[in-house]
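# Tertiary structure, described
Residue-level listing of the chains:
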Amino acid sequence: MQQETKKKQKIICITMLFLFSLVLFSIVPSFRLKEYAGWPYGSESYYHMRIAEYILKEGIPEKDPNTILPIRYAFDPFQIVLGLVGKAFGMKNTAIMLPVLLGLGTIFFLYALLAIVFPIFKQRLLATIFIAASPIFLTIFSQVSNIAWIIFLIAAGFWCFLRDDKLQWLSLLFFPLLFFYDPFHTMIAMLLLLYVGWEQKKRKKLYFLWSILGMGLLWIIWTKKIVVSIKIIGFLELLQVLLADLGAVLGMSLFGIILGAIGLSYLSQERKITWKECGLFLFLLLLTLFRSNEFAVYLNIGVAILAARGFLELAKKEWKLQDLRKITLFLLLLGIVYSGTTTVARHAIEFPDAETMQALQWLETESDENATLLTAPEYGFVVEQATKRMVLLDENGLAIEEGQRLQKQIETVFHARQKETALDILEQYQVDYILIFEEMTAGKVWNKKDEGLLFILEHEKNFKRVFENNKVIIWRVRY
Amino acid sequence: MRKKHPVILLACICLVSLAIRLYFAFSTPYFSDDTSYFHLRQIDHIKETGLPLFNDPLSFSGRVFLFPPLFHYFFAALTYFGSVWHVTKIFPNLLATALVIIMYLLVEQLTKNKQIAIFTACIAAFIPLYFVETVNAINPRVLSIPLSFLFLYFFQNLQKERGNTPCLILMIILILLDPTTLLLLLGLVAYLFLMKINKLEPKKEEKEFIFFAVILALWFYLLVYKTALLKHGIDILWQNIPPTLIDKYYYNITIISAIYLIGLVPLLFGLVVAYYALSAKTEGVEESHPFHEQQRKAIFPIIGVLLAVTILLWFKVIELTIGLMYVAILLVVLSGFGYMVLQQYLERTKIRRWSNSIFILVFLIFIGSSVIPSVYYSIERIKGTITPKEVVFLRFLPEIAEEDAIILSLVDDGHYVEYFSNRKTVADTNFLQIKDAKQRLKDINTIFTTQSKISATRIMNKYQARYVYISPTAKKLYGIDYLNYEDNDCFQLLYVGEVRLYKSTCE
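Residues numbered from 1 in each chain as written. Chains lettered and ligands numbered in written order. Predicted model: local features only at pLDDT ≥ 70, side-chain atom pairs only at ≥ 80, totals over all residues. Heavy atoms only, no water.

### Considerations on the overall build of chain A
- From N to C terminus, chain A includes 20 helices and five strands.
- Expressed along its principal axes, the backbone C-alpha trace of chain A runs to roughly 85 × 55 × 45 Å.
- The buried share of chain A, reckoned over its 479 residues, is 53%.
- For chain A, the proportion of contacts with a sequence separation of at least 24, taken over those separated by at least 6, is 69%.
- By element, 61% of the accessible surface of chain A is carried by carbon and sulfur atoms, the whole surface being about 22900 Å². (Helix = DSSP H or I, 4+ residues; strand = E, 2+ residues; numbered from the N terminus. Buried < 20%, exposed > 50% of the residue type's maximum accessible area, 1.4 Å probe, protein only. Contact = heavy atoms within 4.5 Å. Areas by Shrake-Rupley, 256 points an atom, 1.4 Å probe, with all protein chains shown as cover.)

### So, the sheet that holds strand β7 (residues 500-504) of chain B
Residue and element names in this part refer to chain B.
- Within the open sheet, the five strands sit side by side as β4-β3-β5-β7-β6. Their pairing is mixed. Two strands bound the open sheet, and with one partner strand each, they are β4 (424-425) and β6 (491-496).
- Taken together, the two bridges between strand β3 (residues 406-408) and strand β5 (residues 467-470) define a ladder with parallel strand orientation. Looking at the pairing, I407 lines up with Y467 of β5. (Pairing = 2+ DSSP bridges.)

### Some details on the pattern of salt bridges
- In total, this model carries 25 salt bridges over all chains according to the counting rule given.
- Note that E460 of chain A and K419 of chain A form a salt bridge whose closest N and O atoms lie 3.8 Å from each other. In this pair, E460 of chain A sits in the loop between α20 (453-459) and β4 (463-468) while K419 of chain A sits in helix α19 (residues 419-428), placing the two residues 41 residues apart along the sequence.
- Looking at E460 of chain A, the relative accessible area reads 28%, which means it is partly exposed.
- The partly exposed category is assigned to K419 of chain A, whose relative accessible area is 24%.
- Across the pair K203 of chain B and E206 of chain B runs a salt bridge, and its minimum N-O distance is 3.7 Å.
- Among the residues examined, K203 of chain B registers a relative accessible area of 23% and is labelled partly exposed.
- Judged by its relative accessible area of 5%, E206 of chain B falls in the buried class.
- Through salt bridges with shared partners, a single network forms among E270, K272, R309, E313 and K316 of chain A. (Salt bridge = Lys/Arg side-chain N within 4 Å of Asp/Glu carboxyl O.)

### Overview of the sheet that holds strand β1 (residues 372-374) of chain A
All names here are of chain A.
- Pairing in this open sheet of five strands is mixed, and the strands run β2-β1-β3-β5-β4 from one edge to the other. Every other strand in the sheet has two partners, leaving β2 (390-391) and β4 as the edge strands with one partner each.
- Summarising the sheet, β1 and β2 pair through two bridges and their orientation is parallel. Bridge pairing in β2 links T372 to M390.

### Concerning a nonpolar patch on the surface
All names here are of chain B.
- On the surface, L278, L307, I311, W314 and F315 cluster together to form a nonpolar patch covering roughly 560 Å² of accessible area.
- In this structure, I311 sits in helix α15 (residues 293-314).
- Since its relative accessible area comes to 43%, I311 is described here as partly exposed. (Patch = residues over 30% accessible without salt bridge, like charges linked within 9 Å, V, L, I, M, F, W, Y side chains within 5 Å.)

### Section: the pairing of β4 of chain A
Residue and element names in this part refer to chain A.
- Sheet topology places β4 next to strand β5 (residues 472-477); five bridges connect them, and they run antiparallel. Bridging from a neighbouring strand, E468 pairs with I473 of β5.
- The turn joining β4 and β5, which pair antiparallel and follow one another in sequence, is formed by three residues.

### Brief notes about the environment of R417 of chain A
- Within the secondary structure layout, R417 of chain A lies in the loop between α18 (401-414) and α19.
- Ignoring any residue separated from it by four or fewer positions in sequence, one finds R417 of chain A in contact with I456 of chain A together with R458 of chain B.

### Remarks on the packing of aromatic side chains
- A full pass over the atoms with the stated rule returns 60 aromatic pairs over all chains.
- Aromatic pair F75 of chain A and F180 of chain A: ring centres 5.2 Å apart, planes at 80 degrees, arrangement edge-to-face. Pair noted here: F75 of chain A is in the loop between α2 (43-58) and α3 (77-89) and F180 of chain A is in the loop between α8 (171-174) and α9 (183-199), with a separation of 105 residues, a long-range link.
- Note on Y37 of chain B and F420 of chain B: the rings are 5.0 Å apart at their centroids and 50 degrees apart in plane angle, and the pair reads as tilted. With Y37 of chain B in helix α2 (residues 35-49) and F420 of chain B in helix α19 (residues 414-421), this pair connects stretches of sequence that are 383 residues apart. Neither Y37 of chain B nor F420 of chain B differs from the other in exposure class; each is buried.
- For K92 of chain A, the ring lying beneath its charged end belongs to W39 of chain A, and the centroid distance is 4.4 Å.
- Its end group placed over the ring of F131 of chain B, R21 of chain B keeps NZ or CZ at 4.7 Å from the ring centre. (Phe/Tyr/Trp six-rings, centres within 6.5 Å; stacked < 30°, edge-to-face > 60°. Lys NZ or Arg CZ within 6 Å of the ring centre and 35° of its normal.)

### Brief notes about helix α12 (residues 254-269) of chain A
Residues and elements named next belong to chain A.
- With 16 residues, α12 extends 23 Å from end C-alpha to end C-alpha; this agrees with the ideal 22 Å at 1.5 Å per step.
- Within the sequence span of α12, burial applies to L254, F255, G256, I258, L259, G260, I262, G263, Y266 and L267.
- Structurally, the start of α12 carries an N-cap: the backbone nitrogen of F255 is 3.3 Å from a side-chain oxygen of S253.
- Phi turns positive one or two residues past the end of α12, at R271, with a value near 55 degrees. (Expected span 1.5 Å × (residues − 1). Polar contact = N/O pair within 3.5 Å; in protein donor to acceptor, adjacent residues only side chain to side chain.)

### Some thoughts on the interface of chain B and chain A
- With 26 residues of chain B at the interface, the matching set in chain A holds 30 residues.
- Together, the buried faces of chain B and chain A total about 2500 Å²; carbon and sulfur atoms form 78% of this surface.
- Elements that contribute at least two residues to the side of chain B that touches chain A include exactly α8 (161-177), α10 (204-224), α11 (226-232) and α21 (453-462) of chain B.
- Here the element with the most residues in the side of chain B that touches chain A is α10 of chain B; it accounts for 12 residues. (Buried area = accessible area lost by both parts, 1.4 Å probe.)

### So, the environment of S257 of chain B
Residues and elements named next belong to chain B.
- Inspection of the secondary structure assignment puts S257 in helix α13 (residues 255-262).
- In this structure S257 comes out as buried when scored by relative accessible area, which is 18%.
- Separated by 152 residues in the primary sequence, S257 and S409 place their C-alpha atoms 30 Å from one another.

### Structural notes on helix α14 (residues 264-279) of chain B
- Between its first and last C-alpha, α14 of chain B extends 23 Å over 16 residues, near the 22 Å set by a 1.5 Å rise per residue.
- When α14 of chain B is considered as a whole, its buried residues turn out to be V265, P266, L267, F269, G270, V273, A274 and A277 of chain B.

### Let's talk about the state of the cysteines
Residues and elements named next belong to chain B.
- Evaluation of the coordinates by the stated rule reveals one disulfide over all chains.
- The disulfide partner of C490 is C506, and the S-S distance across this bridge is 1.8 Å. Negative torsions about the S-S bond denote left-handed disulfides, and the value of about -85 degrees found for C490 with C506 makes this one left-handed. With C490 in the loop between α22 (472-478) and β6 and C506 in the segment after β7, this pair connects stretches of sequence that are 16 residues apart. There is no split in this pair, since C490 and C506 are both buried. (Disulfide = S-S within 2.5 Å.)

### Some points on the confidence of the model for chain B
- Mean pLDDT for chain B: 89, with 96% of residues reaching 70 or above.
- Across the interfaces of the predicted complex, the ipTM metric reaches 0.84, alongside a pTM of 0.87. (pLDDT = per-residue confidence, 0-100.)

### Notes on unusual backbone geometry
- Cis geometry marks the peptide bond from F351 of chain A to P352 of chain A, where omega comes out at 5 degrees.
- Topologically, P352 of chain A is positioned in the loop between α15 (322-348) and α16 (354-366).
- For K316 of chain B, which is not glycine, the phi torsion reads 55 degrees and is therefore positive.
- Checked against the element boundaries, K316 of chain B lands in the loop between α15 and α16 (320-347).
- Within the chain, N422 of chain B stands out as a residue other than glycine whose phi angle is a positive 55 degrees.
- Here N422 of chain B shows up in the loop between α19 and β4.
- For N422 of chain B, a relative accessible area of 48% gives the class partly exposed.

### With respect to the nonpolar core
- Formed by 303 residues in total, the largest nonpolar core has its most connected members in F137 and I434 of chain A together with F149 and F151 of chain B.
- At 16 residues, α16 of chain B tops the list of elements feeding residues into this core.
- Setting aside chain neighbours within four positions, we find I434 of chain A in contact with L374, L426, L453, L457, F463, I473, I474, W475 and V477 of chain A.
- Of all hydrophobic cores here, the second largest spans 32 residues; its members include L410, A456, V468 and A474 of chain B. (Core = buried A, V, L, I, M, F, W, Y, C linked by side-chain atoms within 4.5 Å.)

### Side note on the packing of helix α14 (residues 296-316) of chain A against α15 of chain A
Residue and element names in this part refer to chain A.
- Viewed as axis vectors pointing N to C, α14 and α15 meet at an angle of 160 degrees, and their least axial separation amounts to 10 Å. Considering their axes alone, α14 and α15 lie roughly antiparallel with respect to each other. Here α14 and α15 pass one another in a crossing that is left-handed. Contacts from F311, L314 and A315 of α14 reach α15 at R325, L329, L332 and L333.
- When its residues are assigned to classes, the contact of α14 with α15 shows six nonpolar, no polar and one charged. (Axes fitted to C-alpha atoms, helices over the stretch in contact; angles between N-to-C directions. Parallel < 35°, antiparallel > 145°, perpendicular 65-115°, else oblique. Left-handed = near helix turned anticlockwise from the far one by under 90°. Nonpolar A, V, L, I, M, F, W, Y, C, P; charged D, E, K, R; others polar.)

Have a look at this one:
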């Protein structure tokens with residue numbers, strides 16, 4: 001009877017956990033649905049949406065179809081998933097819905113996997129809550145990004161790998177999909193497989209998967225050029241990269257890190273932490289700092305596990321100053337909630353807003369299908385997706401040499417004092433429209449309303465203001 | 001020493017120190033730094049509306065301030081007992097003098113020797129930097145520094161019943177008062193590390209309290225400075241002050257001037273004590289030894305804070321003045337302990353009969369290296385105070401400049417313009433939350449140094465500024481008496497005297 005009640009309580013708790021995660025991951029999408037006409041935030045979302053639509057319509061492209069630059073297209077299976085779901089539910093709805101679903105799936109798999117670290121139910125529950133409420137998870141599962149997809153793949157792969165029924169074969173589907181992304185994701189998956197598989201005595205499966213992933217990894221290294229940028233980073237810069245509270249895009253909660261450090265100190269006191277775990281942690285930290293901050297996602301899971309451990313130890317421990325104990329625990333929880341809320345609040349009002357999108361959609365209906373647009377590169381992805389037109393330069397273009405050369409020319413246009421200087425370059429690339437966003441005139445490109453190109457646009461007959469609202473001004477170029 | 005003697009002596013030291021302080025404070029009707037006027041505006045606003053001026057329409061032509069307002073409320077409340085001028089001149093000095101009593105209590109607790117405590121209190125009354133920075137200024141530090149050391153006094157008693165509540169109350173006040181409390185907390189964390197590496201066990205209550213205080217402070221400051229943290233990231237440590245200004249603060253100080261600002265006696269004694277306390281052995285030391293385990297445990301919180309502040313100063317992570325002030329006061333505490341060690345040592349040597357002469361010698365060095373520099377630097381500081389002529393002009397400025405006119409002045413004059421003239425400025429010394437701080441500083445420099453009327457006009461129009469104010473400080477800093485491009489075409493000279501005012505007329 002008692003066992004049954006306990007089981008029921010467990011089910012209620014797990015249901016609550018998923019509802020809690022659903023609510024957390026839905027805050028940003030719900031807000032954007034209400035206030036931003038359902039447009040997701042972050043320019044990367046728009047890049048994936050545009051390519052997903054293109055693939056469904058035209059097939060897999062050889063070069064990036066959004067720009068005039070010869071950028072080789074790197075195949076991303078996530079865009080096919082996005083396209084297929086988008087076909088069924090509409091791309092805008094999918095862009096809002098899919099990250100939430102991926103987040104819930106990841107939480108489900110992680111909760112199940114945490115049984116390895118936390119055999120006690122309460123501990124596992126708390127660790128999963130810490131992971132779900134962490135700023136990184138709230139960031140990646142509220143926008144269309146392939147890192148959300150990668151984490152989902154790895155979590156699902158592990159979950160399948162540890163099963164003994166037919167579902168175990170699905171791990172052969174999930175893990176190899178990682179080959180299409182940064183090889184370090186595969187490397188991390190392999191290290192984790194080695195660690196988990198060895199401990200869980202799944203060695204046959206481990207050897208099999210390792211050989212497949214190993215061969216795949218060799219193939220990637222052989223075919224792709226891997227660049228690891230090593231830079232010396234100061235302690236303060238390190239904080240800036242790792243802490244969401246200091247504005248890091250993919251950062252962790254300060255209070256989570258403090259609790260994690262406490263958890264780590266308890267584990268080391270009990271000699272429960274091994275050199276393998278320390279090595280793995282260090283590897284992830286180095287990757288985060290030197291390769292890309294997207295690897296902080298893995299670090300975040302480790303920190304959340306340690307934080308849960310630290311929190312439980314603090315709660316369990318007898319304090320001499322008992323009154324302070326309760327306040328401290330309350331403050332720590334508040335701190336974790338604080339980091340999550342600031343992250344959500346930040347993303348909820350990020351670019352682009354409904355008014356901007358309205359202007360871009362106007363351009364889609366009013367402009368020629370082959371029109372070329374000029375704007376600052378950071379707005380490129382959003383403009384490409386919303387207008388379905390080619391943009392002279394976007395963020396992808398900045399990564400190649402031609403793009404950097406083109407950026408210099410664009411800078412010349414933006415700061416030109418004479419009409420001819422600007423027109424020569426615009427004509428060279430047959431630019432049809434120039435899009436001036438509000439932030440561009442507020443310091444991003446120009447500091448004054450009549451600086452450089454802004455002055456020329458206002459006073460020369462070659463340019464006609466065809467659309468204007470509070471966020472965007474669109475100019476038509478005539479040669 | 002008779003029972004009442006220390007109290008009388010302490011009262012005398014306090015009175016002498018307060019008398020000198022008040023003499024300097026009342027020798028000018030104004031304050032010696034521009035930031036005092038920022039705090040005065042906040043106090044005035046609280047008095048009028050009951051709320052601090054978070055949305056200031058004047059500073060940087062309109063901006064949002066982020067700060068914990070407890071200090072301003074405290075002073076606004078005090079102004080009910082007298083005029084703002086009297087309160088803001090007397091109370092900061094009273095509070096600063098309170099440090100003398102706190103130092104007496106702290107050193108007496110550490111050394112169990114009233115004579116040494118009195119000697120240390122005497123040194124504390126004339127720490128040159130602390131004296132100069134608090135003699136004619138109104139700043140949260142005049143309250144937070146004495147309270148920080150009072151906290152350290154109670155921290156020693158944490159295990160005892162009476163120690164916990166004052167510690168808790170003081171910590172909450174300190175956190176609400178001034179973000180420099182983080183220095184104290186960082187120092188306490190350093191204390192735990194010091195204990196660990198010296199294989200000493202801190203009290204459990206201490207560990208718990210430090211953990212609680214760190215979490216509380218982090219949580220509170222994250223909440224207060226949320227937008228600034230997200231905007232500036234780690235640069236918030238320098239309050240978004242442009243690097244050129246930070247470098248200027250640091251390059252102006254040399255080792256010799258730092259010694260003068262701290263005082264030779266506390267520096268020597270303090271450093272020797274810190275060295276011996278850190279290098280002494282933990283085991284096999286007799287109880288009579290000055291650096292036995294209990295004694296080291298008692299002075300480690302002081303050394304912890306000293307170490308943390310010194311490291312932060314070394315890496316230029318904190319403001320030089322506040323860092324040096326902490327270092328100076330902490331060294332004074334340690335010097336009291338050092339003098340006790342010296343006395344004990346002399347007792348065991350043949351020169352013990354000269355101990356009084358040695359005391360007199362030390363006292364003379366103290367007068368030469370602390371009292372005289374305190375007075376000298378105070379005179380210099382008072383000399384640098386805004387002059388009555390400047391104030392008369394600034395008070396007259398509203399008659400010339402329209403109500404919404406923006407004045408371009410030296411950043412150090414920004415708060416003066418805002419307080420006395422009630423006019424908008426292009427910049428002042430509070431850069432937190434300002435997006436284009438570096439650019440503004442650069443543009444202001446250009447206005448005062450350029451030969452080009454076109455560049456100057458462009459800058460004036462960029463900030464929609466109509467007037468250029470040249471104070472004596474600006475004249476001295478740039479070595480100019482007038483603007484290089486002055487004419488009656490684009491820059492009309494409106495006022496000439498100790499200060500100059502130009503009107504920009506070109507679009």
